[in-house]
Amino acid sequence: MGAVSLRFVLDPELTPQLRADIVALWVDASNAGGAVGFVPPVTAADVRTIADPTFAGIADGPDRLLIGYDGDRLAAVLVFADNRFPLKAHWCVLKRVMVHPDVQGAGYGSALMREAARLGRTMGHEALHVTVRDGLGLDGFYRRLGYREIGRLPGALRVAPGDDRDEILMWLDLTPTG
């Protein structure tokens, strides 16, 4: 596999076009089976029910948006979600982590997460937290990037009647080791 050539932008202007591009990526990722808040099939209208409040948290603060472009095409997205609680100000949650299904397996997800860790340190965070849906192998992806499982909420995610999945809590310590 060659070098991944994503161009990252932190805190881009949330133009109507960028919002539409993020919703389109979110729809494509969801309909390809991605664990980003939905189960397929979903439409742009479905996604906007979560996207609009997500965009508000970014536009009005305190959340921050990281996007990755492959050329001029939006290929990767994640949100640094502020905990909105002073006792948790030293770490943040990564939400809506997604890579376009057309480029999955090309290293873009790893590149996105490495950039998130680099930026997390720059922002002064001591750790990053992400939750993943069990049954898709996502915990293995995050483990390879240095995250460790810190807990599970058994059956917390009902993806279909009779199909409950654990929500796996993953943690990446960003502090230098001793």
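These lines cover the structure that appears in this document, whether it is placed above or below. Please read these numbers as outputs of a predicted model, since none were measured by experiment. (Residues numbered from 1 in each chain as written. Predicted model: local features only at pLDDT ≥ 70, side-chain atom pairs only at ≥ 80, totals over all residues. Heavy atoms only, no water.)

Pairing within the open sheet is mixed, and its seven strands lie in the order S1-S2-S3-S4-S5-S7-S6. Of all the strands in the sheet, just strand S1 (7-10) and strand S6 (148-160) have a single pairing partner and so form its edges. For this sheet the average axis-to-axis angle between neighbouring strands, irrespective of direction, equals 25°. In the sheet, S1 pairs with strand S2 (residues 64-70) via four bridges, with the strands oriented antiparallel. Looking at the pairing, Leu10 lines up with Leu66 of S2. Its contacts with the sheet place helix H3 (residues 108-122) against S1, S2, strand S3 (73-81), strand S4 (91-99), strand S5 (127-133) and strand S7 (163-173), and it is angled at close to 40° to S3. (Pairing = 2+ DSSP bridges. Helix = DSSP H or I, 4+ residues; strand = E, 2+ residues; numbered from the N terminus. Axes fitted to C-alpha atoms, helices over the stretch in contact; angles between N-to-C directions. Contact = heavy atoms within 4.5 Å.)

Here the focus is the side chain of His129. Along the chain, His129 turns up in strand S5. At 3.0 Å, the side chain of His129 forms a polar contact with the backbone oxygen of Met170. Discounting chain neighbours no more than four positions away, the residues touching His129 are Trp91, Cys92, Val93, Leu94, Ile150, Leu169, Met170 and Trp171. (Polar contact = N/O pair within 3.5 Å; in protein donor to acceptor, adjacent residues only side chain to side chain.)

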